[in-house]
Amino acid sequence: MRDIQLTTYTVADFVSWAKAGLLELSPRFQRRPVWKRGAKSFLIDTIVRGLPMPIIFLRDRHANTKTYQATREVVDGQQRIRTILSFIDPKLLKDYRADRDDFTVDEVHDEDIAGKSFRELNKEVRQTILDYKFSVQVLSSETGDREVLQIFARMNATGLKLNWQELRNAEFYGRFKTLAYGLATEQLERWIDWRIFTDDQIARMNEVELTSEFMLLALDGVLEKNQKTIDGYYKEFEKQFADQREVASRFRATMDEIEGRFFSDEEDSKLFRNRTIFYALFASIHGTQFGLRLSPDSPAQHEKLSRTRAKPISTELVTRIKRSAALLKSDEAPPEVARASRGATAHASQRKIIIGFLTGSRHAVLPAN
């Protein structure tokens, strides 16, 4: 393999190369630009906040014998660079199209700069964007197309297929996703300390998916884990999500209650480390605090939540839940409950059985307040 140089370049470097015609954004082995506006908005917000992003790969090209100038080719990172150039100055794109390339930052990502063009930002923010540094690996001009393709093949040879939540991460950038990721991140120490997820599972966004399930539970009493249904809520509340504050408040209240009542003692916490049981625990506590609605036929039929204070959790209920969980852990639960609790069950009927067993109630879905 030819020499590879690891270095850093600023956004201003890419802008200057593009102005001079020394940057090739669309080599023949690159994909066409397909990013949605939400993804572009999220990228600019990432830069303004100074957060890191994946390495960009460039390839040096031989100097032109007439102009004496060498160009740089974007091997991987085309859409990131294209997004930045179109935001700063669309004229930097040779194939600029307003319907495809024009965008501004969305309010859900950054209220301070939402709806503003680069020129409308204050000087400090513009400077922050121009000074942002990318980690870059530069392939030498001796690296041929075949070697570039081999590099791509190795970069994508992990054998891991994207899971549902990773696909959502690439598809959605709006209000529902932002809240789901924000709430999941807030609870990161708890996910780890409570041993609900392994590091690998967190790396693959499993805790975000579970948080999304809890949001559906809070919104509409959705107990069934159906990936298309979750996608539907992400899509329905992409631009507007009137209940985001209420959902966040209820989710945090339930997690706080769970920590104080069930995870303050090491022996008690062992009863709820199974994800199926933890889901039932959350649903039981949340349902008692706020009530659970009956699921609508679609996210579009959702009715706005009213602001509701959490009802207190009785000591008797806490004791009953712990006792029931202990029976499950020791394989002493009734056969129907034991069958329902095996594996990562996703069916509403099975989840209702477990929730009902934990709470001692035949009716796992409580009426809404």
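Thresholds, definitions, all that
Residues numbered from 1 in each chain as written. Predicted model: local features only at pLDDT ≥ 70, side-chain atom pairs only at ≥ 80, totals over all residues. Heavy atoms only, no water. Salt bridge = Lys/Arg side-chain N within 4 Å of Asp/Glu carboxyl O. Helix = DSSP H or I, 4+ residues; strand = E, 2+ residues; numbered from the N terminus. Buried < 20%, exposed > 50% of the residue type's maximum accessible area, 1.4 Å probe, protein only. Contact = heavy atoms within 4.5 Å. Polar contact = N/O pair within 3.5 Å; in protein donor to acceptor, adjacent residues only side chain to side chain. Pairing = 2+ DSSP bridges. pLDDT = per-residue confidence, 0-100. Phe/Tyr/Trp six-rings, centres within 6.5 Å; stacked < 30°, edge-to-face > 60°. Lys NZ or Arg CZ within 6 Å of the ring centre and 35° of its normal.

1. Description of the pattern of salt bridges
In step 1: The tally for this structure, following the rule as stated, stands at 27 salt bridges.
In step 2: Here Asp95 ties to Arg100 by a salt bridge, and the two come within 3.6 Å at their closest N and O atoms.
In step 3: One salt bridge in this structure joins Arg250 and Glu246, with 2.7 Å as the shortest N-O distance. On the criterion of helical spacing, the pair formed by Arg250 and Glu246 is a turn pair, its members being four residues apart in helix α13 (residues 244-262). For the pair Arg250 and Glu246, a shared accessibility class is recorded, and that class is buried.

2. Brief notes about the environment of Glu238
In step 1: Residue placement: Glu238 occurs in the loop between α12 (227-236) and α13.
In step 2: Spatially, the C-alpha atom of Glu238 lies 9.3 Å from that of Gly38, the residues being 200 residues apart in sequence.
In step 3: Discounting residues that sit within four places of it in the chain, Glu238 has contacts with Phe172, Tyr173, Gly174 and Arg175.
In step 4: A polar contact of 3.2 Å, which involves the side chain of Glu238, links it to the backbone nitrogen of Tyr173.

3. Regarding the pairing of strand β5 (residues 133-139)
In step 1: With seven bridges joining them, strand β1 (residues 4-10) and β5 adopt antiparallel strand pairing. Residue pairing in the sheet places Tyr9 in a bridge with Phe134 of β5.
In step 2: The pairing of strand β3 (residues 56-60) with β5 spans four bridges and is parallel. Residue pairing in the sheet places Leu58 in a bridge with Val138 of β5.

4. Comments concerning the confidence of the model for the protein chain
In step 1: Averaged over all residues, the pLDDT of the protein chain is 90; the fraction at 70 or higher stands at 93%.
In step 2: Here residues 363-369 scores under 50 on pLDDT; set against residues more than four positions off or in separate chains, the count is 24 contacts.

5. Quick notes on the packing of aromatic side chains
In step 1: By the definition in use, this model includes 27 aromatic pairs.
In step 2: Ring geometry for Phe14 against Trp17: centres 5.1 Å apart, planes inclined by 70 degrees, an arrangement best described as edge-to-face. One end of the pair is Phe14 and the other is Trp17, both in helix α1 (residues 11-19) and three residues apart, which spans about a single turn. No difference in accessibility class separates Phe14 from Trp17, as the two residues are buried.
In step 3: Summarising the aromatic geometry, the rings of Trp191 and Phe278 are spaced 6.1 Å apart at their centres and angled 75 degrees between planes, so their arrangement reads as edge-to-face. A residue pair is termed long-range when its members are at least 10 positions apart, and Trp191 in helix α9 (residues 188-193) and Phe278 in helix α15 (residues 275-290) qualify at 87 residues. Residues Trp191 and Phe278 agree in their burial class; the two are buried.
In step 4: Through successive ring pairs, a cluster of aromatic residues spans Trp191, Trp194, Phe197, Phe214, Phe251, Phe262, Phe263, Phe272, Phe278, Tyr279 and Phe282.
In step 5: The ring centre of Tyr181 lies 5.4 Å from the NZ or CZ of Lys177, which sits over that ring.
In step 6: In this arrangement the basic side chain of Arg351 is found over the ring face of Tyr279, its NZ or CZ atom lying 3.7 Å from the centre.

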